[in-house]
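If you want the building blocks of each chain, they are given just below.
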Amino acid sequence: MSSKPAKIELNNFNLYYGEHQVLKGISAIIAANSVTAIIGPSGCGKSTLLRSINRMNDLIDGVRITGEILLDGKNIYEPDVDLIWLRARIGMVFQRPVAFPLSIFDNVAAAPRVRGIVNKDHLARIVKKSLQAVGLWSDVQHCLNQSALSLALGDQQKLCIARAIATQPDVLLFDEPCSALDPISTHVIEDLMRALSKRFTIIIVTHNMQQAARASHYTMFLLDGNIVEYGPTRELFTNPKDIRTENYVTGKIG
């Protein structure tokens, strides 16, 4: 599907909540250094799939999986996988900005500190580089000790992205990252995702068809826990191969 190397491979991945099967035989290749959108109606398994990629579903009682998810060829569900290591390599940004009630500096420095980085100069370089990457440095460089909660909502979401990339992950997961933002902030975050895809592999769950069309290189359409169609975004939106895809992207079903 892509000339870019595979970053993540899903091989016949199934997930159950108790006896209820949520994801059904998911097999797909996520290309490195691209933005992949996962779309589909509410309850189709989008967020469950996203959270499976950094094993956040492990925190839910009764979850059972079969199949594999490979990161650079390594099955992340192998018993020897360290979850702290995994979540440093696969960062996550949530629906609403989750800024910690700490300073701007300490928000970004939090994850590097967890990984054992305590040298002040080293932390300062990481914070600066991360804030520069999300376009926030010039606005906050003189007020790094200010509470992160004082930032506008769109800037808080940028800060959360800066925090996610502070550990230099390979993959960034975005779960409806613009759902709480105004249209201007939404476009800024979309442009930022495209820019960051030069350095990171990005996967975004979105209900917003226009957002998927604008921001992603590839789109996966899920329905009832199955992949209906997956391919280059432009092709999927302009020439879908499955009538269910056409009905969804044109708003006939949702």
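Located above this text is the structure these notes cover.
Residues numbered from 1 in each chain as written. Predicted model: local features only at pLDDT ≥ 70, side-chain atom pairs only at ≥ 80, totals over all residues. Heavy atoms only, no water.

Quick notes on the packing of helix H3 (residues 104–114) against helix H6 (residues 153–165)
Orientation of H3 relative to H6, taken along the N-to-C sense of each, is 35°, at an axis distance of 7 Å. Judged by the sense of rotation from one axis to the other, the crossing of H3 with H6 is right-handed. Here Ile 104, Asn 107, Val 108 and Ala 111 of H3 lie close against H6, whose contacting residues are Leu 159, Ala 162 and Arg 163. Of the residues in the contact of H3 with H6, the class split is five nonpolar, one polar and one charged. (Axes fitted to C-alpha atoms, helices over the stretch in contact; angles between N-to-C directions. Helix = DSSP H or I, 4+ residues; strand = E, 2+ residues; numbered from the N terminus. Left-handed = near helix turned anticlockwise from the far one by under 90°. Contact = heavy atoms within 4.5 Å. Nonpolar A, V, L, I, M, F, W, Y, C, P; charged D, E, K, R; others polar.)

Overview of the environment of Ala 32
As for its position among the elements, Ala 32 is in the loop between strand E2 (20–31) and strand E3 (35–39). With relative accessibility at 5%, the residue Ala 32 sits in the buried group. In this structure the C-alpha to C-alpha distance between Ala 32 and Arg 199, which are 167 residues apart in sequence, comes to 9.1 Å. Setting aside residues no more than four positions away along its own chain, Ala 32 makes contact with Lys 4, Pro 5, Ala 6, Lys 7 and Thr 201. (Buried < 20%, exposed > 50% of the residue type's maximum accessible area, 1.4 Å probe, protein only.)

Comments concerning the sheet that holds strand E10 (residues 226–232)
Here six strands make up an open sheet; going across it, the order is E6-E7-E8-E3-E9-E10 and the pairing mixed. The open sheet is flanked by strand E6 (90–93) and E10, the only strands paired with a single partner. The mean inter-strand angle of the sheet, taken between neighbouring strand axes irrespective of direction, is 15°. One ladder, built from five bridges, connects strand E7 (residues 171–175) with strand E8 (residues 201–205); its direction is parallel. By the bridge assignment for E8, Asp 175 is matched with Val 205. (Pairing = 2+ DSSP bridges.)

Points about the pairing of strand E9 (residues 218–223)
Most of E9 is tucked away, with five of its six residues classed as buried. Strand direction decides the pairing type here: E3 and E9, joined by four bridges, are parallel. Pairing of Ala 37 across the sheet is with Thr 219, part of E9. As paired elements, E9 and E10 share six bridges and run antiparallel to each other. Considered in E10, the bridge of Thr 219 is made with Gly 231. Where E9 folds back on E10, the antiparallel hairpin that results is connected by two residues, among which Asp 224 adopts a positive phi of roughly 50°.

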